[in-house]
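# Residue-level structure breakdown
Each chain is listed here by its residues.
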Amino acid sequence: MDTRVLAERLQRLEDAEAIRSLKSRYFTSCDAKNPAAMRACFADGPVAIDFGMIGRFDNADALVAVYTQMACHPHMVERHHGSNPQIEVIDATRARGTWSLAYELIDTQNQKLTQLAGHYEDEYRRTADGWRMSATKFVATSTLSFDLAEGLTKVLFAGNPAMAGVAT
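The structure displayed is predicted, hence computed values, not measured ones.

In this structure the tally under the stated criterion is twelve salt bridges. One salt bridge connects Arg4 with Glu8, and the closest N-O pair in it is separated by 3.2 Å. Residue Arg4 and its partner Glu8 are both found in helix α1 (residues 3–31); the two are separated by four residues, about one turn of the helix. Using a relative accessible area of 43% as the deciding quantity, one classes Glu8 as partly exposed. A salt bridge links Arg96 to Glu88, with the shortest nitrogen-to-oxygen separation between them at 2.7 Å.

Okay, here's the thing in C-alpha cells:
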C-alpha cells in the first residue's frame, strides 16, 4: 500500500479519536459544572448552536452564560451520557458527527427528575488548539419528567431484568 494513503488513513483515525475525546470533555465539563472547560470545546468566533427550548446561539460565550445561569448550581445534578458516535472526517480541517444522548437531571431544590433522550448533529473545525465544535444541534426525541416532592413516584421494577415480567 502507498505510504501516503496509509498516512492519510491513519490521520483520519487520529482525527476521529480526537473528536470523540472532545465530545467526551464537553459532556464531562457539563456534568462537572465547569463553564471554562465547556467553553474550550467550541471554536472561537461565530458558531451555530441550536439547543431548541434552551436557545439558539451564534457564539459559545452566549451559550456558556445561559448554561452558567441555568445549570451551575449544587442542586442541579446532571448526567450526560453520549453514545453511538458516527464521525466523518471530511478533510484536514472539517468533520461532522452525530451522537445519541441519554440525559438525566435531578433538581434537588424543586424535587424534580427529568430524563431526556435525543441526538446531536455536530460540525467540527480544526483550530490551532485542535478540533473544536463549530456547530451543534440537539434534537430531543423523548422526555420523561417526575415530581418527587409528594412521594408520588413508585418503583415498578428494580433488580434482575430476567425477572421484569414476573408479577408480584
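The rest of the description comes next.
So, about the nonpolar core. Judged by nonpolar contacts, the single largest core of 29 residues is most densely connected at Tyr26, Phe42, Tyr120 and Tyr124. Once residues within four sequence positions are removed from consideration, Phe42 is found in contact with Tyr26, Ile49, Ala60, Leu63, Arg132, Met133 and Thr136.

On to the side chain of His75, then. By secondary structure assignment, the location of His75 is in the loop between α3 (60–71) and β3 (76–89). With near-sequence residues (within four places) excluded, His75 lies in contact with Ile106, Asp107, Thr108 and Gln109.

Attention now moves to the pairing of β3. Where β3 lies against strand β4 (residues 94–107), twelve bridges are found, and the strand directions are antiparallel. Paired with His80 across the bridge in β4 is Tyr103. Count of turn residues in the β3/β4 antiparallel hairpin: four residues.

So, about the packing of aromatic side chains. Taken as a whole, this structure holds seven aromatic pairs when the rule is applied. Ring plane angle 85° and centroid distance 6.4 Å describe the contact between Tyr26 and Tyr120, whose orientation is recorded as edge-to-face. Residue Tyr26 is located in helix α1, and its partner Tyr120 is located in strand β5 (residues 112–127); the two are separated by 94 residues in the primary sequence. A relative accessible area of 3% places Tyr26 in the buried class. One aromatic cluster is present, built from ring pairs that chain together Tyr26, Phe27, Phe42, Phe51, Trp99, Tyr120 and Phe138. Lys23 extends its terminal NZ or CZ atom over the ring of Tyr120, reaching a point 3.7 Å from the ring centre.

Rules behind the numbers
- Residues numbered from 1 in each chain as written.
- Predicted model: local features only at pLDDT ≥ 70, side-chain atom pairs only at ≥ 80, totals over all residues.
- Heavy atoms only, no water.
- Salt bridge = Lys/Arg side-chain N within 4 Å of Asp/Glu carboxyl O.
- Helix = DSSP H or I, 4+ residues; strand = E, 2+ residues; numbered from the N terminus.
- Buried < 20%, exposed > 50% of the residue type's maximum accessible area, 1.4 Å probe, protein only.
- Core = buried A, V, L, I, M, F, W, Y, C linked by side-chain atoms within 4.5 Å.
- Contact = heavy atoms within 4.5 Å.
- Pairing = 2+ DSSP bridges.
- Phe/Tyr/Trp six-rings, centres within 6.5 Å; stacked < 30°, edge-to-face > 60°.
- Lys NZ or Arg CZ within 6 Å of the ring centre and 35° of its normal.

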